[in-house]
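As a plain string of letters, each chain reads:
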Amino acid sequence: MHRKAAQRIPMTQSQSRPIVIFDTTLRDGEQSPGCSMNLEEKLEVAQALVDLGVDVMEAGFPIASPGDFEAVREIANTVRGTTICGLARCNEKDIDRAWEALKGAPDARIHVFLATSAIHREFKLKMSKDEIVQRAVDSVKRAKSYCDNIEFSPEDAARTEPDFLCQVVEAAIAAGATTVNIPDTVGYATPSHYGGVIKNLKNRVPNIDKAVISVHCHNDLGLAVANSLAAVENGAGQIECTINGIGERAGNCSLEEVVMAMRTRADYYHATTAIRTQRLVPTSRLLSNITGVQVQRNKAIVGRNAFAHEAGIHQDGMLKERTTYEIMRPEDVGFTQTDLVLGKHSGRAALADRAQALGYHLTGDHLQDVFDEFKKLADKKKEVYDADIAALIEKQMTVAEDQWQLVAYEVHAVGGGEPKVSIALQHAGKEVRKTVTGGDGPLDALFRAIEEITGTSVVVRDFRVHSVTRGQDAQGESTIEVEREGRVYRGRGVSTDTVEAATLAFINAVNRAAAGGGQPATGPRPDMV
Ligand code: KIV
Ligand code: ZN
């Protein structure tokens, strides 16, 4: 059944292969703790991914929740310029639901997956090898009855017996899969092992040329990018990755790193992508601003220190010849010299223009609302930086969904004495006030008052405040994570007053907790079992 080892033909520099970039920020990325997004935020990210030039965008897992379904449907109906993909397990309900969400997209892909490794077969699925092959074939065929572009993933492929993996992949392609994705679901592979898995498929699956081989690597051992590159060396034609490497547990292969590795070492990989690399930093920042999850300073490509040369000997070398210590130019990945400053005399067009450069698309009422907030901020702060603008836009998006809104608050706390706070919130046009005395400081008192007014009690799991820009008049951004009934919700708030920022973040989190949904606080993802 399987073809024996074929010769690999060495490529010359001029024979560059195009690699499909499949972004799963909105699916695998969004499922990870702290990274959930609302519909408006997902649409913003989706548009930024189009601007970045991804070939395929996995917009979500439609059966997982009504929110996921709605997001995939909205993206499929409105986002253009890329293939929109939706995930489904290998069963009829999942596949039908995925198509229901995707059918508005001119270029849609259904991605079906089924675990194949012995561990998953025995303990999770309790299915035999033959049953797995049959289920995979039936599912690919069902998906194929809806659209031509079908991806099949044997989940935990990296730990699947090589012969069985060849068998499943061959059957899936024969049933109509146009892409076969080889996930390292648990991040167990190492580069030469994983490269070998891809090489084995290329050499032994007789119909492998009828499909694109894709790779999907998790980063549990910090090897997701290295493994993906090893796969490219061995013939993979698609890489699944996420912005900032967000994703399940330690994350997925980082899009910016894998793309820049292939670009910077084109001499070695002989591979090209359609990614507009100057959009990498804006897209990374957009995602951080939306999720509140910042990348570490020394993160390759997009971290704040990625191009900062501190050592004297390096600085000296750089001044003499940049390439002594720099293998990429900061401008190639979208770092700009100018953090353009706007002020109170700047107009709506300048704001919209700056927002667009940062990855946001502001129009109509949305632009007007942000502009109004911008004018208020410009009155308080001399200079409004890019990060301030991003924070304002995020604030608008966050507050828009909230049922309960902050009207006013007052804090009295003298020295180490008991705090006394009063707060007024508004819901459906009705204002409710509350005064609380005592507690562990003014924020604790404010949080208690908010819980009492809204009737929603939560446990704070994480709470942070950081300054958005430099200077004493900088805006403070607060992010907060709360737990309610075993589910986790995130909130954020921005203000030049840090107590107000924290209060807004808490109100946002409580609103989300009251609405329900959220991510499980512990245990396995419900959709994966
Ligand atoms: O990691 C994984 O195996 C997945 C599949 C659904 C492709 O995310
Ligand atoms: Zn995954």
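Values in this document were obtained by computation on a predicted structure and should not be read as measured data.

What counts and what doesn't
- Residues numbered from 1 in each chain as written.
- Chains lettered and ligands numbered in written order.
- Predicted model: local features only at pLDDT ≥ 70, side-chain atom pairs only at ≥ 80, totals over all residues.
- Heavy atoms only, no water.
- Helix = DSSP H or I, 4+ residues; strand = E, 2+ residues; numbered from the N terminus.
- Buried < 20%, exposed > 50% of the residue type's maximum accessible area, 1.4 Å probe, protein only.
- pLDDT = per-residue confidence, 0-100.
- Contact = heavy atoms within 4.5 Å.
- Axes fitted to C-alpha atoms, helices over the stretch in contact; angles between N-to-C directions.
- Parallel < 35°, antiparallel > 145°, perpendicular 65-115°, else oblique.
- Left-handed = near helix turned anticlockwise from the far one by under 90°.
- Nonpolar A, V, L, I, M, F, W, Y, C, P; charged D, E, K, R; others polar.
- Near = heavy atom within 4 Å.
- Polar contact = N/O pair within 3.5 Å; in protein donor to acceptor, adjacent residues only side chain to side chain.
- Areas by Shrake-Rupley, 256 points an atom, 1.4 Å probe, with all protein chains shown as cover.
- Pairing = 2+ DSSP bridges.
- Phe/Tyr/Trp six-rings, centres within 6.5 Å; stacked < 30°, edge-to-face > 60°.
- Lys NZ or Arg CZ within 6 Å of the ring centre and 35° of its normal.
- Core = buried A, V, L, I, M, F, W, Y, C linked by side-chain atoms within 4.5 Å.
- Salt bridge = Lys/Arg side-chain N within 4 Å of Asp/Glu carboxyl O.

## Description of unusual backbone geometry
Next up, step 1: In the Ramachandran plot, Arg249 falls in the positive-phi region, its phi being about 50 degrees despite a non-glycine side chain.
Next up, step 2: Assignment of secondary structure puts Arg249 in the loop between strand S9 (238-241) and helix H10 (255-264).
Next up, step 3: In this structure, Ile301 takes a positive phi of about 70 degrees despite not being glycine.
Next up, step 4: If you trace the backbone, Ile301 turns up in the loop between helix H12 (280-291) and helix H13 (312-320).
Next up, step 5: For Ile301, a relative accessible area of 7% translates into the label buried.

## Comments concerning the confidence of the model for the protein chain
Next up, step 1: When pLDDT is averaged along the protein chain, the result is 90, and 95% of the positions lie at 70 or above.
Next up, step 2: The low-confidence segment residues 523-529, where pLDDT is below 50, has 16 contacts with residues more than four positions distant or belonging to other chains.

## Structural notes on the environment of Ile208
Next up, step 1: Secondary-structure assignment places Ile208 in the loop between helix H8 (191-204) and strand S8 (212-217).
Next up, step 2: According to the relative accessible area criterion, Ile208 is buried, its value standing at 2%.
Next up, step 3: As a C-alpha pair, Ile208 and Trp99 span 109 residues in sequence and 26 Å in three-dimensional space.

## Looking at the packing of helix H17 (residues 442-454) against helix H18 (residues 498-515)
Next up, step 1: Between H17 and H18, the shortest axis-to-axis distance is 10 Å and the interhelical angle comes to 30 degrees. One element, H17, and the other, H18, form an angle in the roughly parallel class. Between H17 and H18 the crossing geometry is right-handed. Within the contact between the two elements, H17 uses Leu443, Leu446, Phe447, Ile450, Glu451 and Thr454 and H18 uses Val499, Ala502, Thr503, Phe506, Ile507 and Val510.
Next up, step 2: When the residues that make up the contact of H17 with H18 are grouped by side-chain class, the tally is nine nonpolar, two polar and one charged.

## Structural notes on the site of ligand 1
Next up, step 1: Taken together, Arg27, Asp28, His111, Phe113, Ser153, Glu155, Asn181, Pro183, Thr185, His216 and His218 form the complete shell of residues around ligand 1.
Next up, step 2: Asp28 places a side-chain nitrogen or oxygen 3.1 Å from an oxygen atom of ligand 1.
Next up, step 3: Within the side chain of His218, a nitrogen or oxygen atom sits 3.0 Å from an oxygen atom of ligand 1.
Next up, step 4: Expressed as a share of its isolated accessible area of 260 Å², the protein-covered part of ligand 1 is 97%.
Next up, step 5: Residue assignment for the shell around ligand 1 shows that the elements contributing at least two residues are helix H1 (25-29), strand S5 (108-115), strand S6 (150-155) and strand S7 (179-184).
Next up, step 6: When grouped by side-chain class, the residues that make up the shell around ligand 1 number two nonpolar, six polar and three charged.

## Focus on the pairing of strand S12 (residues 420-427)
Next up, step 1: Note that strand S11 (residues 404-412) and S12 share eight bridges and pair antiparallel. Opposite Val411, over in S12, you have Val421 as the bridge partner.
Next up, step 2: By the bridge criterion, eight bridges tie S12 to strand S13 (residues 430-437) in an arrangement that is antiparallel. Opposite Ala424, over in S13, you have Arg433 as the bridge partner.

## Thoughts on the packing of aromatic side chains
Next up, step 1: In total, this model carries seven aromatic pairs according to the counting rule given.
Next up, step 2: With 4.9 Å between their ring centres and 90 degrees between their planes, Tyr268 and Tyr269 make a pair best called edge-to-face.
Next up, step 3: By relative accessible area, Tyr268 is classed as partly exposed at 43%.
Next up, step 4: A relative accessible area of 16% means that Tyr269 is categorised as buried.
Next up, step 5: Through a chain of ring-to-ring contacts, three or more aromatic side chains come together here, namely Phe447, Phe463 and Phe506.
Next up, step 6: Across from the ring centre of Phe69, 3.7 Å away, lies the NZ or CZ of Arg97, which sits over that ring.

## Considering the nonpolar core
Next up, step 1: Formed by 116 residues in total, the largest nonpolar core has its most connected members in Met57, Phe152, Ile182 and Ile239.
Next up, step 2: The dominant element in this core, judged by the number of residues it contributes, is helix H7 (residues 162-175), at nine residues.
Next up, step 3: Among residues more than four places away in sequence, those in contact with Phe152 are Cys90, Val112, Leu114, Ala136, Val140, Val168, Ala172, Ala177, Thr179, Val180 and Asn181.
Next up, step 4: Counting residues in hydrophobic clusters, the runner-up holds 22 residues, among them Trp404, Val421, Ile423 and Ala449.

## Brief notes about the environment of Asn91
Next up, step 1: Residue position: Asn91 is located in the loop between strand S4 (83-89) and helix H4 (92-102).
Next up, step 2: For the pair Asn91 and Ala352, spaced 261 residues apart in sequence, the C-alpha separation works out to 45 Å.
Next up, step 3: A polar side-chain atom of Asn91 sits 3.2 Å from the main-chain amide nitrogen of Lys93.
Next up, step 4: From its side chain, Asn91 meets the backbone nitrogen of Asp94 in a polar contact 2.8 Å long.

## Some thoughts on the pattern of salt bridges
A side chain with one charge can pair with a side chain of the opposite charge if their charged atoms come near.
Next up, step 1: All chains considered together, the criterion is met by 34 salt bridges.
Next up, step 2: The shortest N-O distance in the salt bridge between Glu452 and Lys434 comes to 3.4 Å. Within this pair, whereas Glu452 is found in helix H17, its partner Lys434 is found in strand S13, the two being separated by 18 residues in sequence.
Next up, step 3: Notably, a salt bridge pairs Glu485 with Arg484, separated by 4.0 Å at the nearest N-O pair.
Next up, step 4: The exposure class of Glu485 is exposed, given its relative accessible area of 72%.
Next up, step 5: Looking at Arg484, the relative accessible area reads 22%, which means it is partly exposed.
Next up, step 6: Salt bridges linked by common partners bring Arg263, Arg329, Glu331 and Asp332 together as one network.

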